[in-house]
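Read off the chains here:
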Amino acid sequence: MLLLSKIWRTGIATEVLQAGDPNSIEIGRILEQRIKRLLGRALAIREVDAGSCNGCELEITGLTSPIYDMERFGMHFVASPRHADLLLVTGPVTRNMEVPLRKTYEATPAPRFVVAVGDCAKTCGVFKDSYAVVGPVDRVIPVDVSISGCPPEPTDILRGILQALDRLPRLQVAERRATTQAVR
């Protein structure tokens, strides 16, 4: 009963939800249109922590919050790389994660995109020259887009995903050329 009386006395103590950043909503709408046009379905994303401090993961998780709500724009996270279209990789690649990262990349069906999120994924950041670090993500797997920031904001991550999707038409044209040349 004490708990109920305290709730009654305190009243509602939640904050009003602030409107999202107008830039992120605009980027999300562009992403939604591009995803529908290119894939005809939702974009499946697999997040891989290759050895980060979890700062980037906090911002990536922010994409699922009510403020950014990435699912309304046609994006969702998947548990298996076999179902993914895009890999979001965070952190410098540690020695323990080098092989699992390669296997995850190989398990992702083509055409696949890799977005390196944060300074650590791009240049190893504060972990540079550590005995436990193999190097940045592009030393282990091919990277399509690198997003700067420590950690980057969710809007920057959305921009990076949009930039990666811009590569799809070019990849499809290159695949068609390779197929026609192989037939000749």
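None of these values were measured; they are calculated from a predicted model.

### Description of the packing of helix 2 (residues 22-39) against helix 6 (residues 154-165)
Contact geometry for helix 2 and helix 6: axes closest at 10 Å, N-to-C directions at 25 degrees. Relative to helix 6, helix 2 is oriented roughly parallel. Of the two elements, helix 2 crosses helix 6, and the hand of that crossing is left-handed. Contacts between helix 2 and helix 6 pair Asn 23, Ser 24, Ile 27, Ile 30, Leu 31, Arg 34, Ile 35 and Leu 38 from the former with Thr 155, Leu 158, Arg 159, Ile 161, Leu 162 and Leu 165 from the latter. Residues belonging to the contact of helix 2 with helix 6 are distributed by class as follows: nine nonpolar, three polar and two charged.

### Remarks on the pairing of strand 3 (residues 86-90)
Side chains on a regular strand alternate between the two faces of the sheet. Counting buried positions over the five residues of strand 3 gives five, a clear majority of the element. Alternating positions in strand 3 separate into two faces, Leu 86, Leu 88 and Thr 90 on one and Leu 87 and Val 89 on the other, with burial throughout. Two elements, strand 1 (residues 43-49) and strand 3, share five bridges in a ladder whose sense is parallel. Bridged to Arg 46 within strand 3 is Leu 87.

### Some points on the nonpolar core
Counting residues in hydrophobic clusters, the biggest one holds 26 residues, and the most contacted among them are Leu 31, Met 75, Leu 86, Leu 88 and Ile 161. Those elements that place two or more of their residues in this core are helix 2, strand 1, helix 3 (55-62), strand 3, strand 5 (113-117), strand 7 (145-147) and helix 6. Residues in contact with Ile 161, not counting those within four places in the same chain, are Leu 31, Leu 43, Ile 45, Met 75, Leu 86 and Leu 88. Listed in part, the 14 residues of the second largest apolar core include Val 89, Leu 101, Val 114 and Val 137.

Thresholds, definitions, all that
- Residues numbered from 1 in each chain as written.
- Predicted model: local features only at pLDDT ≥ 70, side-chain atom pairs only at ≥ 80, totals over all residues.
- Heavy atoms only, no water.
- Axes fitted to C-alpha atoms, helices over the stretch in contact; angles between N-to-C directions.
- Helix = DSSP H or I, 4+ residues; strand = E, 2+ residues; numbered from the N terminus.
- Parallel < 35°, antiparallel > 145°, perpendicular 65-115°, else oblique.
- Left-handed = near helix turned anticlockwise from the far one by under 90°.
- Contact = heavy atoms within 4.5 Å.
- Nonpolar A, V, L, I, M, F, W, Y, C, P; charged D, E, K, R; others polar.
- Buried < 20%, exposed > 50% of the residue type's maximum accessible area, 1.4 Å probe, protein only.
- Pairing = 2+ DSSP bridges.
- Core = buried A, V, L, I, M, F, W, Y, C linked by side-chain atoms within 4.5 Å.

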